[in-house]
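# Structural features, examined
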Amino acid sequence: MFRYQILIEYLGTNFMGWQVQKKGKTIQGLLQDKISKLLKEKIILLGSGRTDTGVHAIEQSAHFDCINQIKEFNRFLKSINHFLNNKDIEIIKIKKRSNKFHSRFSAKKRIYKYIILNRLARPSLQFGRVWFVIKKLDIKNIKKGAKILEGIHDFSAYRSSKCSAKSPKRRLDYVKVKKMQETIIIRFQSKSFLQQQVRGMVGCLKYLAEGKWNIKKFKHVLVSKKRDLCAPPAPPEGLYLEKVIY
């Protein structure tokens, strides 16, 4: 058997997330089907992690095993992307890997970014790819909140009720905040994240930035570990899996 890693870019708007489900179109399901047809054998694709409904990826990572060796990577990419034409998915790279490599368990770090468009006019070119917020956000308060989130914490307040992770404790290596004109970009790096953790944190940062909460309240929600105290999670359209580091 031969093992290959693929890096995938996708727009998650029209998908029910990454993972195969009984009903609904998923990225994993579509890719498995197309790669299986191309290689003429049943392929099981394993991703670095799930992305929820509507979440995008700049560089999702996944691997698969196959009986026949893929010798021409450029030909494979051209062929598979032809099958994926107009599906909002592209495979951007393929790599040969040893059988010890695992797209999920070998990952050392994951980077997500969240994009907020903060202006009066609704987006047209960026529609479905950013969180559109009209009310002026205080970038200084976002940065203050970001610093509080860094480090090791119990992130129960931000996790989805459907999250199956055994422990709610995670280490956030950093939360970087950058503003470019009307766009606010927030990057998060950790070895792993809880389900909806990033969207929960961004929702709380927004409450802090628009003055609904002060720093004391923001800290209280984090240490409370109570999901019902969390601000409404940020919508999925502004969230991107940016990179998986091995």
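This write-up is about the structure you can find in this document. (Residues numbered from 1 in each chain as written. Predicted model: local features only at pLDDT ≥ 70, side-chain atom pairs only at ≥ 80, totals over all residues. Heavy atoms only, no water.)

## Thoughts on the pattern of salt bridges
Under the counting rule described, the total for this entry stands at 11 salt bridges. In this structure, the salt-bridge partner of Glu 242 is Lys 113, at a minimum N-O distance of 4.0 Å. One end of the pair, Glu 242, is in strand 10 (residues 239–245); the other, Lys 113, is in strand 5 (residues 109–118), and 129 residues separate them in sequence. Each member of the pair, Glu 242 together with Lys 113, is buried. Between Glu 242 and Arg 187 there is a salt bridge whose closest N-O contact spans 2.8 Å. (Salt bridge = Lys/Arg side-chain N within 4 Å of Asp/Glu carboxyl O. Helix = DSSP H or I, 4+ residues; strand = E, 2+ residues; numbered from the N terminus. Buried < 20%, exposed > 50% of the residue type's maximum accessible area, 1.4 Å probe, protein only.)

## Notes on the packing of aromatic side chains
Summed over all chains, the structure comprises nine aromatic pairs. Ring plane angle 85° and centroid distance 6.1 Å describe the contact between Tyr 114 and Trp 131, whose orientation is recorded as edge-to-face. Here Tyr 114 is found in strand 5, whereas its partner Trp 131 is found in strand 6 (residues 131–133), with 17 residues between them in sequence. One exposure class covers both Tyr 114 and Trp 131, and it is buried. For the cation-ring pair, Arg 97 lies above Tyr 246, with the distance from its terminal atom to the ring centre recorded as 5.9 Å. (Phe/Tyr/Trp six-rings, centres within 6.5 Å; stacked < 30°, edge-to-face > 60°. Lys NZ or Arg CZ within 6 Å of the ring centre and 35° of its normal.)

## Description of the environment of Ala 231
Here Ala 231 is to be found in the loop between helix 5 (215–224) and strand 10. Ala 231 sits 171 residues away from Gln 60 along the chain, and the two C-alpha atoms are 28 Å apart. Excluding anything up to four places from it in sequence, Ala 231 contacts Gly 203, Cys 204, Tyr 207 and Trp 213. (Contact = heavy atoms within 4.5 Å.)

## Thoughts on unusual backbone geometry
In the Ramachandran plot, Gln 181 falls in the positive-phi region, its phi being about 55° despite a non-glycine side chain. When you line up the elements, Gln 181 lands in the loop between strand 8 (169–180) and strand 9 (183–190). Here Gln 181 falls in the exposed class, since its relative accessible area comes to 76%. Of note in the backbone geometry, Gln 196 takes a positive phi value of approximately 65° without being a glycine.

## With respect to the environment of Gln 21
Relative to the helices and strands, Gln 21 is located in the loop between strand 1 (2–10) and helix 1 (27–39). Overall, Gln 21 belongs to the partly exposed group, its relative accessible area being 39%. Apart from residues no more than four positions distant in its own chain, Gln 21 is found in contact with Met 16 and Thr 26. Reaching out from Gln 21, the side chain makes a polar contact with the backbone oxygen of Met 16 at a distance of 2.8 Å. (Polar contact = N/O pair within 3.5 Å; in protein donor to acceptor, adjacent residues only side chain to side chain.)

## Notes on the nonpolar core
Membership of the largest hydrophobic core comes to 68 residues, with the highest contact counts inside it found for Phe 64 and Phe 188. Looking at this core, the element that brings in the most residues is helix 4 (residues 197–209), giving eight residues. Setting aside residues no more than four positions away along its own chain, Phe 188 makes contact with Arg 110, Ile 111, Tyr 112, Leu 172, Tyr 174, Val 175, Phe 193, Val 198, Met 201, Val 202 and Leu 205. If you look at the next biggest cluster of nonpolar residues, it comprises five residues, including Ile 115, Leu 117, Ile 185 and Tyr 240. (Core = buried A, V, L, I, M, F, W, Y, C linked by side-chain atoms within 4.5 Å.)

## Observations concerning helix 2 (residues 73–83)
Among the residues of helix 2, Phe 76, Leu 77, Ile 80 and Asn 81 are the ones counted as buried. Projected down its long axis, helix 2 carries its buried residues within an arc of 115°, all on one side. Projecting away from the buried face of helix 2 at angles above 90 degrees are the exposed residues Asn 74, Arg 75, Lys 78 and His 82. In this structure, the buried side of helix 2 is in contact with helix 1, strand 3 (56–66) and strand 4 (89–97). (Arc of directions from axis to C-beta.)

## Description of the pairing of strand 1
Here strand 1 lies mainly inside the structure; seven of its nine residues are buried. In terms of strand pairing, strand 1 meets strand 4 through eight bridges, oriented antiparallel. Its bridge partner lying in strand 4, Ile 8 is registered against Ile 91. (Pairing = 2+ DSSP bridges.)

## Focus: helix 5
Looking only at helix 5, the buried set comprises Phe 218, Val 221, Leu 222 and Ser 224. Those residues of helix 5 that are buried lie in contact with helix 3 (139–149), strand 7 (151–154) and helix 4. Of the residues flanking the start of helix 5, the one acting as N-cap is Asn 214, its side-chain oxygen 3.2 Å from the backbone nitrogen of Lys 216. One or two steps after helix 5, the chain reaches Lys 225, where phi turns positive at roughly 65°.

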